[in-house]
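Examination of the molecular architecture
What follows is the residue order along each chain.
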Amino acid sequence: MSALTPPTDMPTPTTDKITQAAMETIYLCKFRVSMDGEWLCLRELDDISLTPDPEPTHEDPNYLMANERMNLMNMAKLSIKGLIESALNLGRTLDSDYAPLQQFFVVMEHCLKHGLKAKKTFLGQNKSFWGPLELVEKLVPEAAEITASVKDLPGLKTPVGRGRAWLRLALMQKKLSEYMKALINKKELLSEFYEPNALMMEEEGAIIAGLLVGLNVIDANFCMKGEDLDSQVGVIDFSMYLKDGNSSKGSEGDGQITAILDQKNYVEELNRHLNATVNNLQAKVDALEKSNTKLTEELAVANNRIITLQEEMERVKEESSSILESSRKAPKQDRTSEGQALSEARKHLKEETQLRLDVEKELEIQISMRQEMELAMKMLEKDVCEKQDALVCLRQQLDDLRALKHELAFKLQSSDLGVKQKSELNSRLEEKTNQMAATIKQLEQSEKDLVKQAKALNSAANKLIPKPH
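First things first, this report covers the structure right here in the doc.

Quick notes on the rules
Residues numbered from 1 in each chain as written. Predicted model: local features only at pLDDT ≥ 70, side-chain atom pairs only at ≥ 80, totals over all residues. Heavy atoms only, no water. 1 Å grid on protein atoms, 1.4 Å probe; cavity = no way out; pocket = protein on both sides within 12 Å on 5 of 7 lines; lining within 4 Å. Points joined across faces, edges and corners; volume = space filled by probe spheres on them. Helix = DSSP H or I, 4+ residues; strand = E, 2+ residues; numbered from the N terminus. Nonpolar A, V, L, I, M, F, W, Y, C, P; charged D, E, K, R; others polar. Buried < 20%, exposed > 50% of the residue type's maximum accessible area, 1.4 Å probe, protein only. Arc of directions from axis to C-beta. Contact = heavy atoms within 4.5 Å. Salt bridge = Lys/Arg side-chain N within 4 Å of Asp/Glu carboxyl O.

Thoughts on empty space enclosed by the protein
Tallying each qualifying case throughout the model produces 2 cavities of 30 Å³ or more. Estimated volume of the largest cavity: approximately 40 Å³. Taken together, Met108, Cys111, Leu112, Met180, Leu199, Met200, Gly205 and Ile208 form the lining of the largest cavity. It is helix 3 (residues 99–113) that contributes the most residues to the lining of the largest cavity, 3 residues altogether. Its residues assigned to classes, the lining of the largest cavity comprises 7 nonpolar, 1 polar and no charged.

So, in structure tokens, the structure goes:
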């Protein structure tokens, strides 16, 4: 962190500039995202104080949801505008490898996931935006073809993958804006899937739907069969929306350094959150492995118990058969006691049989639980791999940000030196101007004195020279 801290002799923004920049601030996690024209500038929440007026607490759910909606709307604006400009400059049909197009789908996925009601499953809470997108075919008949195509794709196994495929097909059809508007206008249907203060339930969703109209000018072509949409990592690449250091002026260098440092802090915070998530998932995997080991041991004990019961049953059958044979050979007076013993043996056999059935049922339950645990472990391992890929991507972005920060710091030092030289030259010119002004005043005063002396000499000469008669 010390290597990334700007030098102490650099100029810092004034309080007025900081306050003015903070007036256009939206919130993302623990960071403010300032909109500088069409660029993002992240700052931590506790780094500056804005105004003495009381503000709503950041822990208020409605307040946080409102700021998240504003943040997602601004990200959608940047993504759509950058996609249209880059596509028009490129001048060809876009494919799935085009980076701005990938970021657009990631931003749209975050917008559709905002405020989703969680559905509880065996593996925990599940949030999927495929449910609301399925409603579009009921509102717009033309969307039925897209929905049927998505359901027929063989490589899609999760609702998230089907939702991503639906977005791509709608963009290829140039009907994405129309479908989103039709969906947003039916709030009574969306209330089944979204919270009341979700983005799709508020006016920000209608704004994003209006912005999607501009995407009708671009052409896109995707090959859906070979693409793995289920396991893609949806991470927003903020470096695509940062200002280029070559277009900045010397007077704005400090603000850009601050923005880069805040961006770095945000990426590091997100990296810490992902590390914590990976640690939690690893702990769950360890717990599942321990539970699996315990279930394996219990299964072995149950198998041993079944074998023991089978041996006892065989022994009881042999005893009962021997009793029957002896009862046939024994006199009639002994058959009564033998019959009682036989009934007791049958009763014992029935109890042992019922116990064996109970143990078999318990064994089946334990086997099914083991299978579910193995499935959960596989899902968790897949999630851990996705988080690790996201960490690698974020570390790469952090390295790029550090390099950009060093470049801006070097340019800022050069501009500060030029400003210092200009200020010294300006002060010298002011001193010379003051000296020339004082000299001019002295010359004017001496001119007045000379005029007075000339008048006095003229009057004296007139008195000395006699007038001609």
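Okay, back to it.
Some remarks on the environment of leucine 404
The residue leucine 404 is located in helix 12 (residues 332–464) in this model. Here the alpha-carbon distance between leucine 404 and isoleucine 260, two residues 144 residues apart in the chain, equals 7.8 Å.

Thoughts on helix 6 (residues 144–152)
Along helix 6, the residues classified as buried are Ile146, Thr147 and Val150. On an axial view of helix 6, the arc spanned by its buried residues comes to 95°, and they lie on one face. Exposed residues on helix 6 whose side chains face more than 90 degrees from its buried face are Glu145 and Asp152. Looking at the packing, one finds that the buried side of helix 6 touches helix 4 (130–134), helix 5 (136–139), helix 7 (159–173) and helix 8 (176–184).

A short note on the pattern of salt bridges
A side chain with one charge can pair with a side chain of the opposite charge if their charged atoms come near. A complete count under the given rule lists 11 salt bridges for this structure. Between lysine 175 and glutamate 178 there is a salt bridge whose closest N-O contact spans 3.4 Å. Here the residues in one salt-bridge network are Glu109, Lys113 and Arg164, joined through shared partners.

Some words on the environment of alanine 376
Within the element layout of this structure, alanine 376 appears in helix 12. Taking the C-alpha atoms as reference, alanine 376 lies 9.8 Å from lysine 284; in sequence the two are 92 residues apart.

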